[in-house]
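Architecture and fold: a report
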Protein chains: 2
Amino acid sequence: MHEIKALIRDIPDFPKNGIIFKDITPVLQDPKAFKKVIDLFRERYVNQNIQKIAAIESRGFIFGAPLAYALNIGFVVLRKPGKLPYRTFREEYELEYGTDAIEIHQDAFEHGERVVLIDDLLATGGTALAAANLLQKAGAELVELAFLIELSFLNGRAKLTDHNVFSFVSF
Amino acid sequence: MHEIKALIRDIPDFPKNGIIFKDITPVLQDPKAFKKVIDLFRERYVNQNIQKIAAIESRGFIFGAPLAYALNIGFVVLRKPGKLPYRTFREEYELEYGTDAIEIHQDAFEHGERVVLIDDLLATGGTALAAANLLQKAGAELVELAFLIELSFLNGRAKLTDHNVFSFVSF
C-alpha cells in the first residue's frame, strides 16, 4: 500500500485556499497501482456474500465499477439530483454553506441485498452518511463503507458510528 | 447483445419533453449483463496494444474504469471544468444553447500512447469530438472511440469521420 500512497499527489490550495487536495489521477494512470487497489478491495469482499457494489458520483464510479466487475456482481449508482431518470429516493445533507442531495433509483435493490458502498475519499463524512441512509432507504443491507483514502484529521468516522468503515490509506 | 439491449430502459420526456432517455442502470445492476459488456469491450481491444483507456465524466467512468482494469492498463479521466486539480488542457464545444468544456491533466499520457476513449452513449457527437481533440492535444494516439449505445438517428458519426468509431447497440 506504500507505493499507492506515494502516488497520491498533494495539490495545495485546490479547490480553494488552505485546502490540500489529494489527487488520485496518478494512481489511475499507473496500471499496476490501479489494478492493485481494485484487487485489494476484491480480496476484502470476495467471501462476504456481497450482492451489489454501490458508488457515489463521480470518482466513486472509478473504483466501484471495476470492483463490481471483479466480483461479478451488480453495480448501483448514487447520483446528484436530476441525473437519474427513473423513480428515485433522495437524501439531503448539509454543506458548509447550504445543502446538497444524492439520489438512487427506487428499483436499485431487492430488499435485504448485501451491499458495500465505495468512494474515493472519506473527509467530514457528510456525503458518506447521506449515502448510507439512502442505501438503507432503498432496502439494502449496508455491509461496509469503503474508501481508498481517509482524511483521519477530519474525523468522518464520528458521523458513521452505526456502520462498518474501512479505508486503505490514511492521512 | 440482444439481452443487453433489452435491459436498456426507455424513459420518455427525460430530461425534457420530447426526449426519450436511454437508462442504462438496469444493465449495471445485472451482474451478467454488466460483466458481458466489459468483457466484449475487452475482447475487442486485448490484442490491439492499447496503453490507456480514457473516459468522460461521469457515466463513461462506469465502463472505462472496469475496462482498464480488465486490460490491466492505466485509466485517464476527462472531466468538467474546475474538477481536475493539476495543470490541464481544455476543449470547448457547442451545446444547443451556449458552450461547455472538458479538461484533462497535462500529464495524462506519454507522447504517442495508444488510447481508446469509452463513453456510454454517442448522440450528436459534440462531446465525443471535443474529447477526441482533447486526447490528441494531450499527446495520445486515439485508436478508437467506443460506446455502449449509439443513437444513430442523430448521426454523431458524421462529426467523427477522422476517427474510428465503434458501438455495441444502435437505436
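Further up the page is the structure itself.
**So, the interface of chain B and chain A**
At the interface, 40 residues of chain B touch 40 residues of chain A. Approximately 3,300 Å² of surface area, both sides summed, lies buried where chain B meets chain A, with 63% of it carried by carbon and sulfur atoms. The largest contributions to the chain B side of the interface with chain A come from Gln-29, Tyr-69 and Pro-85 of chain B, which together make up 23% of the buried area. Linking chain B with chain A are two salt bridges, by the criterion used here. Our count for the contact surface shared by chain B and chain A stands at 14 residue pairs in polar contact (both at pLDDT 80 or more).

**Here we look at the sheet that holds strand β8 (residues 141–150) of chain A**
All names here are of chain A. Reading across the sheet, the five strands line up as β4-β3-β7-β8-β9 and stay open at both edges, with parallel pairing between neighbours. The open sheet has two free edges, formed respectively by β4 (74–78) and β9 (165–170), since each of these has just one partner strand. With direction set aside, neighbouring strand axes in the sheet form an average angle of 20°. As paired strands, strand β7 (residues 114–122) and β8 are joined by eight bridges and run parallel to one another. Along β8, the bridge assignment pairs Ile-118 with Ala-146. Here helix α5 (residues 126–137) sits on the sheet and contacts β3 (52–56), β4, β7 and β8; the angle it forms with β8, its principal contact strand, is near 160°.

**Quick notes on the packing of helix α3 (residues 31–45) of chain A against helix α4 (residues 59–71) of chain B**
The geometry of α3 of chain A relative to α4 of chain B is characterised by a closest axis approach of 9 Å and an angle of 95° between their N-to-C directions. Between α3 of chain A and α4 of chain B, the crossing angle belongs to the class labelled roughly perpendicular. Counting all contacts with α3 of chain A, which are made through Phe-34, Lys-35, Ile-38, Asp-39 and Arg-42 of chain A, the residues of α4 of chain B involved are Ala-65, Ala-68 and Tyr-69 of chain B. Here the residues of the contact of α3 of chain A with α4 of chain B sort into five nonpolar, no polar and three charged.

Criteria and cut-off values
- Residues numbered from 1 in each chain as written.
- Chains lettered and ligands numbered in written order.
- Predicted model: local features only at pLDDT ≥ 70, side-chain atom pairs only at ≥ 80, totals over all residues.
- Heavy atoms only, no water.
- Contact = heavy atoms within 4.5 Å.
- Buried area = accessible area lost by both parts, 1.4 Å probe.
- Salt bridge = Lys/Arg side-chain N within 4 Å of Asp/Glu carboxyl O.
- Polar contact = N/O pair within 3.5 Å; in protein donor to acceptor, adjacent residues only side chain to side chain.
- Pairing = 2+ DSSP bridges.
- Helix = DSSP H or I, 4+ residues; strand = E, 2+ residues; numbered from the N terminus.
- Axes fitted to C-alpha atoms, helices over the stretch in contact; angles between N-to-C directions.
- Parallel < 35°, antiparallel > 145°, perpendicular 65-115°, else oblique.
- Nonpolar A, V, L, I, M, F, W, Y, C, P; charged D, E, K, R; others polar.

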